[in-house]
Amino acid sequence: MGVDAFVLFFEKLRGTGVLQDYKRATVEEQVARFLSILAQTGGKYRTLAFYYHRSIGTISRHFHNVLRAVISLAPEFLKQPNATTPVSSKIANNSRFFPYFKDCIGAIDGTHFRVKVNRAGQTRFRGRKEWPTQNVLAACNFDLQFLYVLAGWEGTASDSRILKDALTRPHGLVIPEGKFYLGDGGLMLRASLLTPYRRVRYHLKEYSRNAPKNEKELFNHRHASLRNSIERCFGVLKKRFPIIATGAEAQYSFDTTTNIILACCIIHNFLMGVDPDEQLIAEVDRELARRQRQNEPQCEEETRAGIELRDSIANHMWHDYIHNVQQVGTMSKRAKGKQALQGEASTKENLCWTEDMDTALLEAFLAEQRKGNRQEGTFTSHAYNNVVTSLRVRFPFNFDKEKIKNRQKTLKKHFATVKDLFHNTSGFAWSPVTKMFTAEPEVWERLIEENPSASKWIRTPINNYGKMFELYGEHRATGDGAASAFERIDRWNMRNSSFNIDLNDISEDDEGMNAYTPSPFTPREGTNAYSSDGRSAFTPDPSPSVDSHGTASSKGKKRKATMGDVSVNELEVMSTNMSRMAAGIEMGNMIAERSAKAMEKGNEIKEKSLVILEHQKTHIYKEGEIYQELQRYDIPAEMRLNGYKYLSQNPGTTRVLFGLPDEYRQQFVVDLAKKQAFWQVDF
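A quick note: this is a predicted structure, and the numbers were derived from the prediction, not measured.

What to know about the nonpolar core
Here comes step 1: Formed by 70 residues in total, the largest nonpolar core has its most connected members in Phe34, Leu38 and Phe146.
Here comes step 2: Take this core: its biggest share by element is 11 residues, from helix 10 (residues 254-274).
Here comes step 3: Contact partners of Phe146, with chain neighbours within four places excluded, come to Phe77, Leu78, Ala138, Ala139, Cys140, Cys233, Phe234, Leu237, Cys265, His268 and Asn269.

Digging into helix 19 (residues 485-494)
Here comes step 1: Those residues of helix 19 not exposed but buried are Ala485, Glu487, Arg488, Ile489 and Trp492.
Here comes step 2: Against helix 4 (56-71), helix 5 (74-77) and helix 10 lie the buried residues of helix 19.

What about the packing of helix 15 (residues 381-394) against helix 16 (residues 401-422)?
Here comes step 1: The N-to-C vectors of helix 15 and helix 16 enclose an angle of 95°; their axes lie 10 Å apart at closest approach. Classified by the angle their axes make, helix 15 and helix 16 are roughly perpendicular. Between helix 15 and helix 16, the residues in contact are Ser381, Tyr384, Val387, Val388 and Leu391 and Lys401, Ile404, Lys405 and Gln408, respectively.
Here comes step 2: The class makeup of the residues in the contact of helix 15 with helix 16 is five nonpolar, two polar and two charged.

Concerning the pattern of salt bridges
Here comes step 1: Taken as a whole and assessed by the stated rule, the structure comprises 23 salt bridges.
Here comes step 2: With a shortest N-O distance of 3.0 Å, Arg14 and Asp21 are connected by a salt bridge.
Here comes step 3: For Arg14, a relative accessible area of 24% puts it in the partly exposed group.
Here comes step 4: The network of salt bridges with common partners includes Glu629, Arg632, Asp662 and Arg665.

Quick word on a nonpolar patch on the surface
Here comes step 1: A surface patch of nonpolar side chains, about 320 Å² in accessible area, is lined by Leu309, Ile313 and Met317.
Here comes step 2: Topologically, Leu309 is positioned in helix 12 (residues 300-328).
Here comes step 3: With relative accessibility at 53%, the residue Leu309 sits in the exposed group.

Section: the packing of aromatic side chains
Here comes step 1: Evaluated as defined, the whole model comprises 21 aromatic pairs.
Here comes step 2: Each ring, one from Phe397 and one from Phe399, has its centre 6.1 Å from the other, and the planes form 85°; the classification is edge-to-face.
Here comes step 3: By relative accessible area, Phe397 is classed as partly exposed at 38%.
Here comes step 4: Between Phe415 and Tyr465, the ring centres sit 5.7 Å apart and the planes meet at 40°, which makes this aromatic pair tilted. Of this pair, Phe415 sits in helix 16 while Tyr465 sits in helix 18 (residues 465-472), placing them 50 residues apart in sequence.
Here comes step 5: Under the relative-accessibility criterion, Phe415 is labelled buried at 2%.
Here comes step 6: Between the NZ or CZ atom of Lys238 and the centre of the ring of Phe113, over which it lies, the distance is 4.9 Å.

Regarding the pairing of strand 3 (residues 146-154)
Here comes step 1: Counting buried residues in strand 3 gives nine out of nine residues, a clear majority hidden from the surface.
Here comes step 2: For strand 2 (residues 133-140) and strand 3, the ladder comprises six bridges, and the chain directions are antiparallel. Each bridged residue has a counterpart across the sheet, and for Leu137 the counterpart in strand 3 is Leu150.
Here comes step 3: Hairpin geometry of strand 2 and strand 3 is characterised by an intervening segment of five residues between the two adjacent antiparallel strands and by a positive phi of about 60° at Leu144.

Cut-offs applied
- Residues numbered from 1 in each chain as written.
- Predicted model: local features only at pLDDT ≥ 70, side-chain atom pairs only at ≥ 80, totals over all residues.
- Heavy atoms only, no water.
- Core = buried A, V, L, I, M, F, W, Y, C linked by side-chain atoms within 4.5 Å.
- Buried < 20%, exposed > 50% of the residue type's maximum accessible area, 1.4 Å probe, protein only.
- Helix = DSSP H or I, 4+ residues; strand = E, 2+ residues; numbered from the N terminus.
- Contact = heavy atoms within 4.5 Å.
- Axes fitted to C-alpha atoms, helices over the stretch in contact; angles between N-to-C directions.
- Parallel < 35°, antiparallel > 145°, perpendicular 65-115°, else oblique.
- Nonpolar A, V, L, I, M, F, W, Y, C, P; charged D, E, K, R; others polar.
- Salt bridge = Lys/Arg side-chain N within 4 Å of Asp/Glu carboxyl O.
- Patch = residues over 30% accessible without salt bridge, like charges linked within 9 Å, V, L, I, M, F, W, Y side chains within 5 Å.
- Areas by Shrake-Rupley, 256 points an atom, 1.4 Å probe, with all protein chains shown as cover.
- Phe/Tyr/Trp six-rings, centres within 6.5 Å; stacked < 30°, edge-to-face > 60°.
- Lys NZ or Arg CZ within 6 Å of the ring centre and 35° of its normal.
- Pairing = 2+ DSSP bridges.

Any functional reading would require information beyond the geometric quantities listed.
Written out as structure tokens, the structure reads:
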């Protein structure tokens, strides 16, 4: 950031009314400290505290104060396009893109930033990276400026899921009628979001030597050329702000990291308008090109030589294999070859899973979880071996680890579909008896109108939902921490929290720092302690004190503070302390409210679990119930007595009896008496 850009930037921040000058920290100094932290890998306060001779607490307060001020600039620098947005010059001035992409307004993609979360929550954040990350969805135009940013989703969440959430949020992504964005193959295809053709060459490096051969390859080639803008945009952002660079260890809480990402996107847009830094953009382009060259396939001659070698080895192996098969039996060559192929394919037999098998699978995984064989959301190899052994004992099938993993993936997908559909939808209740979500007809109608696919769940039971919730519920990405810059502003306004943090703290420079402290200032006569613009009105007395005879005092006597000065100072300290107490009380109330909600949710889960356990519990019929039931039947007394003895000793038969309708129970007892000769009597 150049000097002119810096001056313009802090003037915009001053114009928001969020920042103001203080006695020992001007707006320029606060902004400079903030930008210095963003320019560090990790962004630690300690380095800045030593450099600026300020305490760590003071640096932290300055940083968060400017952070909120930057996010408050979102309405000016994060503007989404509308129906009247003109065609980008990159499209209008290029015959390769115009008029085909004249209605295209930008590109959409997601990228990962490293975050710091507690150990219990790392499972939801640890996706394809080696460390916990949050997935940030962003849309940009072809001038490398962000149009929309949604940060805070867990790293395990897919881009398509985050995009669906962004389209339904209060301050979400808005795509004007007749316009569209470009997305990659991981997003859903719709009129407002064009994705490339699947199973067709797409990436630019794939066209480096071979030109497009049909209309689909041509579309994919030009689609990739335009969609590359979002990759460049992310590259410039991470290059410009090392604090959020890929792999940089996070030093802040999750919410603060989310705010930093949003603030960096806003500053990036500001700089692209006043100080784009073409050298930085060119460096990012070179890195992207170098990365593509590293991933390029080998030259055609080497590839052709590899194909010939592989084919020759495969043909040789197949010839010897057929020859050996012919010598083993008397079957024809064709039949034997077919049998051999079927033998190889039989190792990958399809397994038809039943409800009992799913129940046994989930119970086995729950047992392993209770044993501690699940580390950070991932089951150990020992756990999978135990599950395979358990299923092989109960069912006559050849279970293996691969089949178990595939079925677990399917069950997890079904659970995610149901949970996302009903979890935060009011009006629905889970019934452990019918194993379905129940609601009033008008509630179902509203849900089906919003999501037509929900209609199948009106009569479709969801087996083992309680077990799947216990197994997968805590490890499912929720997006509770996701927010855009506008949502952050609304949240702060709802809490009625002031953006202005009082940095005029007398002890801010005395917290373990050997900083230079100037002589105490005295206010000019006829002025208040602070001027109307927030600047300190204290000025040093330029001359030593003078006695009554007009001669200078050799000791430089200090002027005694008047009662008014003391009162002003006391009021300032009281005001600061009261502000801190109010902030502390507000924070305490917020924590108490969250704790109450957590306890309420825990009690709700406990009640549901008790209901589920109650319905799953097997009822044991007592002797009195058996005798009362036999008393209702028109059978001989001796048969009744012998039946009582037999049923009391065989609870399984007793459950069968009580499970029948009333009109069939007596006949069941008579038939049972005929089979059991030792308690059979004549009518």
